[in-house]
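What follows is the residue order along each chain.
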Amino acid sequence: MAGEASRTGQDRSLQAVVQLMAKLDVSGLPRNYELFHEALLGADPALSREVLALPPGPSQTVLDEMGLRHQLSAFVALMPVRGRDQEIKLLLELQDKMASGVTQKKGFSRVLETVARSLRQDSNAGPEDILAEIEYLSVSLSDAVVAETELEAILRAGADRLVKAEREASAARSVTLRDRLTSLPNHAALAERLEALYGVDADSRDTALFLVTINDLPHLARTYGEPAVNRIVKKAASIFRKAIKKNDFLARIGKGDFAFVFRDVSRDSVQPIAERLHASITDNLVFAASDGTNGIGLSVGAALTADAFSPQELRLQAGTALETAKANPRLIVALHGEAPKRSSRDG
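If you're wondering where the values come from, they're calculated on a predicted model, not measured in any experiment.

(A) Region of the structure containing the overall build of the protein chain. When you go through the protein chain residue by residue, the secondary structure sums to 12 helices and six strands. In the protein chain, buried positions account for 38% of the 347 residues. Total accessible area on the protein chain stands at roughly 20000 Å², and carbon and sulfur atoms take up 55% of it.

Listed below in structure tokens is the structure:
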């Protein structure tokens, strides 16, 4: 029942987003879907007000500016393209200045050869003639030094611009990999982490993916409102942070959905880890429902890298296990490929 309620809530959320986009005649781009999804279901009231105030048929430019202003991941990902334009412009400037410097040096070299030839051929040249030739060389050399100095200044300024652009790109990338509500890594960061597990030089043995869902969030949202649910999710994220070790990975990948990547985990360790996650929530996250119950529960699905040949298969296995756990609320955890086990605390 809990799994069906969750899917029903997700279907209604999706329907609301699609209906509003259709009503405003908004193009069905993935980034536009993220914009409207965050506006209707996210935690940013300002974004919600802006989207709901849009007139029919808003231009894509307006939507993109809105997404960038609120730092939505799909829109921020558009930003690094401008950095390449700056790099190209800088390289063209350096090319022109270096060409000018080379011309100056060639000119000075020709002057030097001319002066040397003149002095060798003119045996009657006196001190005044020699001084005049030296002054001519000095002027030519000064022009070459000026060109070199300008090139050095452009190189220094260019290096500073590239460093700044790299920092901005790094900051933009950080935003694309970060969940806005909890500041945890997001679904994109999880995808990268799973890809790294199956890299050429990676050792993914004894690694487990846990998918965790906070149950009944749609019901709590309808009863107590989205702000209350957002507080629950933020508190859960804080609790989960303290429940993992330094080398473990935690991400928020949905409204009440989290993903954990645990290293050095055997098949026998899955149940104790899941029980620890359950205990961390039940002991630290208290939500007094109107019927006097706590109202907070978890469903946990897990899969081991030893049983999966790719990141996609690993996530699919963990997702299937999670659905099994949702369909059996008394389970602490469902592990892909194994018969469900009850908690050691159950009678």
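Past the structure itself, the notes keep going.
(B) A look at a nonpolar patch on the surface. Taken together, the side chains of Leu14, Val18 and Tyr33 define a hydrophobic patch exposed on the protein surface, amounting to about 240 Å² of accessible area. Tracing the sequence through the fold places Leu14 in helix α1 (residues 2-23). The partly exposed category is assigned to Leu14, whose relative accessible area is 39%.

(C) Looking closely at the side chain of Thr207. Here Thr207 is to be found in strand β1 (residues 207-214). Among the polar contacts listed, one links the side chain of Thr207 to the side chain of Arg263, at a separation of 2.9 Å. With residues near it in sequence (within four places) discarded, Thr207 still touches Leu197, Val261, Phe262, Arg263, Val265, Ala303, Leu304 and Thr305.

(D) Structural context of the pattern of salt bridges. The tally for this structure, following the rule as stated, stands at six salt bridges. For the salt bridge of Asp179 with Arg252, the shortest nitrogen-to-oxygen distance reads 3.0 Å. Remark: Arg252 occurs in strand β2 (residues 249-252) and Asp179 occurs in the loop between α7 (127-176) and α8 (187-197); sequence separation between them is 73 residues. The residue Glu226 makes a salt bridge to Lys255 at a minimum N-O spacing of 3.0 Å. Pair noted here: Glu226 is in helix α10 (residues 226-243) and Lys255 is in the loop between β2 and β3 (257-263), with a separation of 29 residues, a long-range link.

(E) Focus on the pairing of β3. Of all seven residues that make up β3, six are buried, and the element is covered over most of its length. Both β1 and β3 contribute to a ladder of seven bridges, which runs antiparallel. In the sheet register, Ala208 faces β3, and the bridge partner there is Phe262. What sits between β2 and β3 in their antiparallel hairpin is a turn of four residues.

(F) The arrangement of the packing of helix α2 (residues 30-41) against helix α4 (residues 60-69) in detail. With their axes 10 Å apart at the nearest point, α2 and α4 run at an angle of 55 degrees to one another. Relative to α4, the element α2 is oriented oblique. The handedness of the crossing between α2 and α4 is left-handed. Along its contact with α2, which presents Arg31, Asn32, Leu35 and Phe36, the element α4 presents Gln60, Leu63, Asp64, Met66 and Gly67. Here the contact of α2 with α4 is built from residues that sort into four nonpolar, three polar and two charged.

(G) Expanded view of unusual backbone geometry. Phi angles above zero are rare outside glycine, and Asp25 is one such case at about 60 degrees. By secondary structure assignment, the location of Asp25 is in the loop between α1 and α2. Since its relative accessible area comes to 61%, Asp25 is described here as exposed. The phi angle at Asp216 is positive, at roughly 65 degrees, despite the residue not being glycine. Summarising the element assignment, Asp216 is placed in the loop between β1 and α9 (217-224).

(H) Representation of the environment of Leu29 in the model. Tracing the sequence through the fold places Leu29 in the loop between α1 and α2. Along the sequence, Leu29 and Gln60 sit 31 residues apart, while their C-alpha atoms lie 9.8 Å from each other.

(I) Structural view of the packing of α9 against α10. The N-to-C vectors of α9 and α10 enclose an angle of 135 degrees; their axes lie 7 Å apart at closest approach. Viewed along their axes, α9 and α10 adopt a mutual orientation that is oblique. Across the interface between the two elements, Leu217, Leu220, Ala221 and Tyr224 from α9 touch Glu226, Ala228, Val229, Ile232 and Val233 from α10. Class assignment of the residues belonging to the contact of α9 with α10 gives a composition of eight nonpolar, no polar and one charged.

(J) Layout of the environment of Asn230. Looking at the secondary structure, you find Asn230 in helix α10. Counting along the chain gives 25 residues from Asn230 to Lys255, while the straight-line C-alpha distance between them is 8.5 Å.

(K) Examining the nonpolar core more closely. With 37 residues, the main nonpolar core has Phe210, Phe240, Phe258, Phe260, Val270, Leu277 and Ile281 as its most contacted residues. Elements with a minimum of two residues in this core: β1, α9, α10, β3, α11 (270-284), β4 (298-304) and β5 (331-335). By residue number, the principal contributor to this core is α10, which donates eight residues. Discounting residues that sit within four places of it in the chain, Phe210 has contacts with Phe258, Ala259, Phe260, Phe262, Val270, Ile273, Ala274, Leu277, Val300, Gly301 and Ala302. Leu177, Leu194, Ala251 and Ala259 belong to the second largest nonpolar core, which has 16 residues in total.

Definitions and limits used
- Residues numbered from 1 in each chain as written.
- Predicted model: local features only at pLDDT ≥ 70, side-chain atom pairs only at ≥ 80, totals over all residues.
- Heavy atoms only, no water.
- Helix = DSSP H or I, 4+ residues; strand = E, 2+ residues; numbered from the N terminus.
- Buried < 20%, exposed > 50% of the residue type's maximum accessible area, 1.4 Å probe, protein only.
- Areas by Shrake-Rupley, 256 points an atom, 1.4 Å probe, with all protein chains shown as cover.
- Patch = residues over 30% accessible without salt bridge, like charges linked within 9 Å, V, L, I, M, F, W, Y side chains within 5 Å.
- Salt bridge = Lys/Arg side-chain N within 4 Å of Asp/Glu carboxyl O.
- Polar contact = N/O pair within 3.5 Å; in protein donor to acceptor, adjacent residues only side chain to side chain.
- Contact = heavy atoms within 4.5 Å.
- Pairing = 2+ DSSP bridges.
- Axes fitted to C-alpha atoms, helices over the stretch in contact; angles between N-to-C directions.
- Parallel < 35°, antiparallel > 145°, perpendicular 65-115°, else oblique.
- Left-handed = near helix turned anticlockwise from the far one by under 90°.
- Nonpolar A, V, L, I, M, F, W, Y, C, P; charged D, E, K, R; others polar.
- Core = buried A, V, L, I, M, F, W, Y, C linked by side-chain atoms within 4.5 Å.

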